[in-house]
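Architecture and fold: a report
Here are the chains, one letter per residue:
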Amino acid sequence: AKRPSVWAIGQMQVCSCVLPQLEAKNSLRADGERPGMDESEDDVIDDVLDVITAFYGVTLRDVLSSRRSARVHTARCIGIYLAHNAGLDSHQIGQRFGGRDHTIIEAVCRNVTDNASTDLHQKRLLRELDAKRREATARRHRITSHWLQ
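Residues numbered from 1 in each chain as written. Predicted model: local features only at pLDDT ≥ 70, side-chain atom pairs only at ≥ 80, totals over all residues. Heavy atoms only, no water.

**A short note on the pattern of salt bridges**
In plain terms, the rule: What counts as a salt bridge is simple: a side-chain nitrogen of Lys or Arg found within 4 Å of a carboxyl oxygen of Asp or Glu. In this text, helices come from DSSP runs of H or I with a minimum length of four residues, and strands from runs of E with a minimum of two, each type numbered from the N-terminal end. Between buried and exposed lies partly exposed: a residue is buried under 20% and exposed over 50% of the maximum accessible area for its type, with that area taken using a 1.4 Å probe on protein chains only.
Using the criterion set out here, one finds 9 salt bridges in the structure. For the salt bridge of R140 with D43, the shortest nitrogen-to-oxygen distance reads 3.6 Å. With R140 in helix 7 (residues 120–148) and D43 in helix 2 (residues 39–56), this pair connects stretches of sequence that are 97 residues apart. With relative accessibility at 9%, the residue D43 sits in the buried group. We note a salt bridge from R139 to E135, for which the minimum N-O separation is 2.9 Å. Separated by 4 residues within a single helix, R139 and E135 lie in helix 7, roughly one turn from each other. When its relative accessible area of 48% is taken as the criterion, E135 is described as partly exposed.

**Quick word on the nonpolar core**
Basically, it comes down to this: We define the nonpolar core as a collection of buried residues of types Ala, Val, Leu, Ile, Met, Phe, Trp, Tyr and Cys that are connected through side-chain atoms lying within 4.5 Å of one another. Residues are treated as being in contact if the distance between any of their heavy atoms lies within 4.5 Å.
Membership of the largest hydrophobic core comes to 30 residues, with the highest contact counts inside it found for L49, I52, Y56, V63, I78 and F97. Contributions of two or more residues to this core are made by helix 2, helix 3 (60–64), helix 4 (70–85), helix 6 (102–118) and helix 7. If we skip the residues at most four places from it in the chain, I52 touches G57, V58, V63, A75, I78, G79, L82 and F97.

**Brief notes about the environment of D89**
Note the following rule: What qualifies as a polar contact is a pair of N or O atoms within 3.5 Å, subject to a donor-acceptor requirement within protein and to the restriction that residues adjacent in sequence count only when both atoms come from side chains.
Mapped onto the elements of the fold, D89 is located in the loop between helix 4 and helix 5 (90–96). A C-alpha to C-alpha distance of 9.7 Å links D89 and E106, two positions 17 residues apart in sequence. At 3.0 Å, the side chain of D89 forms a polar contact with the backbone nitrogen of H91.

**Here we look at the packing of aromatic side chains**
The condition that has to hold: Stacked, tilted and edge-to-face are the three classes assigned to paired rings of Phe, Tyr and Trp, where Trp is represented by its six-membered ring and a pair needs centres within 6.5 Å; plane angles under 30 degrees give stacked, over 60 edge-to-face, the rest tilted.
Under the counting rule described, the total for this entry stands at 1 aromatic pair. Arranged with centres 5.0 Å apart and planes meeting at 80°, the rings of F55 and Y56 form a pair that is edge-to-face. Judged by relative accessible area, F55 falls into the partly exposed class, the value being 35%. Assessed through its relative accessible area of 12%, Y56 is described here as buried.

**Things to note about the packing of helix 4 against helix 6**
Rules: A fitted line through C-alpha atoms represents every axis, and for helices the fit uses only the stretch in contact; the resulting angles, taken between N-to-C directions, go from 0 to 180 degrees. Oblique is the label for any angle not covered by the other classes, which are roughly parallel (under 35 degrees), roughly antiparallel (over 145) and roughly perpendicular (65 to 115). The nonpolar class holds Ala, Val, Leu, Ile, Met, Phe, Trp, Tyr, Cys and Pro. Asp, Glu, Lys and Arg form the charged class, and all remaining residues, Gly among them, are polar.
Here helix 4 crosses helix 6 at 95°, and the two axes come no closer than 9 Å. Between helix 4 and helix 6, the crossing angle belongs to the class labelled roughly perpendicular. Contacts between helix 4 and helix 6 pair C77, I78, I80, Y81 and H84 from the former with I105, V108, C109, V112 and T113 from the latter. The residue inventory of the contact of helix 4 with helix 6, partitioned by class, reads 8 nonpolar, 2 polar and no charged.

**As for the confidence of the model for the chain**
Stated formally: pLDDT is defined as a per-residue confidence score from the predictor, taking values between 0 and 100.
Mean pLDDT for the chain: 79, with 70% of residues reaching 70 or above. When the criterion is pLDDT under 50, residues 1–39 qualifies, and its contacts beyond four places in sequence or with other chains add up to 63 contacts.

**Some details on the environment of R67**
Within the secondary structure layout, R67 lies in the loop between helix 3 and helix 4. Dropping the residues within four chain positions of it, R67 is found in contact with D62, V72 and R76.

**Some words on helix 6**
Selection criterion: The length a helix should cover is 1.5 Å for every residue beyond the first. Arc, as used here, means the arc of the directions from the helix axis to the C-beta atoms.
Between its terminal C-alpha atoms helix 6 stretches 25 Å, which fits the 24 Å expected from 17 residues at 1.5 Å a residue. What helix 6 keeps buried is the set I105, V108, C109, V112 and A116. Axial view of helix 6: buried residues confined to an arc of 100°, hence all on one face. Of the exposed residues in helix 6, the ones pointing more than 90 degrees away from its buried face are S117 and T118.

Quick look at the structure:
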């Protein structure tokens with residue numbers, strides 16, 4: 001059985017498998033894998049979700065919902081961009097971000113990229129959050145490889 005992933009980001013600990021509806025959405029196949037995603041892609045999205053929920057102070061439930069408050073919407077858009085920037089497919093990202101259509105994912109990525117090209121603060125923020133996501137992913141791989149030894 002897979003262990004729940006809990007990663008410390010700054011002073012906060014974020015658990016990426018706390019919501020019952022996520023367990024149903026991410027149910028495991030008989031071979032122990034999630035349908036449609038390989039483990040490393042799933043880990044990247046977990047890390048993106050952990051980073052943005054900690055940074056923006058929103059819940060995972062809110063990010064995956066259809067809520068449109070400014071803070072939740074911004075966190076969701078930045079998370080989608082970070083996952084896309086990590087090389088993941090729009091269909092996979094949409095599946096994990098509340099079942100959104102791949103065309104929505106692509107439009108969000110275009111908007112974030114356009115905004116970052118004119119807003120230096122947002123460009124800097126995207127770099128910082130991407131660095132945190134990469135750090136969390138590297139930490140996850142170090143811990144995972146330690147478990148396998």
